[in-house]
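Coordinates in review
Spelled out from the first residue to the last, the chains are:
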Amino acid sequence: MFHQPDRKRVKAWSLWQPVFDFVEVLTAFQVALLTIYDMCKAADRGMVITDVKLLEKHGGKSGSRVA
């Protein structure tokens, strides 16, 4: 996590090779974010999870992608 005024940025990456698709990785990431939200909701009910996106991927049928 990187602290910015009134924001937190969370980055994740996967070392799984072709076994998993990026959709499963993004789903697991969202579950992790919801877990963090659940643990922190007592401190701040106004939290919002936004801008979850795939920034980079390599491999697979469509090759590499960098946002």
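Residues numbered from 1 in each chain as written. Predicted model: local features only at pLDDT ≥ 70, side-chain atom pairs only at ≥ 80, totals over all residues. Heavy atoms only, no water.

**Section: the overall build of the protein chain**
Put simply, the test is: Here a helix means four or more residues in a row that DSSP labels H or I, a strand means two or more in a row labelled E, and each is numbered from the N terminus. Contacts are assigned to residue pairs that have any heavy atoms within 4.5 Å of one another. Here, Shrake-Rupley sampling with a 1.4 Å probe gives the accessible areas, and only protein chains in the shown set may cover a residue.
Along the protein chain, the regular secondary structure elements total one helix and four strands. Put simply, 12% of the contacts in the protein chain that link residues at least 6 apart link residues at least 24 apart. Accessible area for the protein chain stands at about 6,200 Å²; split by element, carbon and sulfur atoms hold 58% of it.

**Let's talk about a nonpolar patch on the surface**
Here is the rule: Patch rule: a residue counts if its relative accessible area is over 30% and it has no salt bridge; like charges are joined within 9 Å, and nonpolar side chains (Val, Leu, Ile, Met, Phe, Trp, Tyr) within 5 Å. Counted as salt bridges are all cases of a side-chain nitrogen of Lys or Arg within 4 Å of a carboxyl oxygen of Asp or Glu. Any residue under 20% of the maximum accessible area for its type is buried, any over 50% is exposed, and the rest in between are partly exposed; the area is computed with a 1.4 Å probe on protein chains only.
There is a patch of nonpolar side chains on the surface, built from Leu34, Ile49 and Val52 and spanning about 230 Å² of accessible area. Note on placement: Ile49 falls in the loop between α1 (22-40) and β3 (56-57). Ile49 sits in the partly exposed class, given a relative accessible area of 36%.

**Things to note about the environment of Lys8**
Assignment of secondary structure puts Lys8 in strand β2 (residues 7-9). In sequence terms Lys8 and Ile49 are 41 residues apart; their C-alpha atoms lie 9.7 Å from each other.

**Some points on the environment of Glu56**
Locating Glu56 in the fold gives a position in strand β3. C-alpha separation for the pair Glu56 and Val66, spaced ten residues apart in sequence, amounts to 4.3 Å. In this structure, Glu56 is in contact with Arg65 and Val66, ignoring residues within four places of it in sequence.

**Some thoughts on the confidence of the model for the protein chain**
To keep things clear, this is the line we draw: Per-residue confidence from the predictor is given as pLDDT, running between 0 and 100.
Here the protein chain shows a mean pLDDT of 78. Residues at 70 or above account for 85%. At the low end of the mean pLDDT range in the protein chain sits strand β1 (residues 2-4), at 53; at the high end sits α1, at 87.

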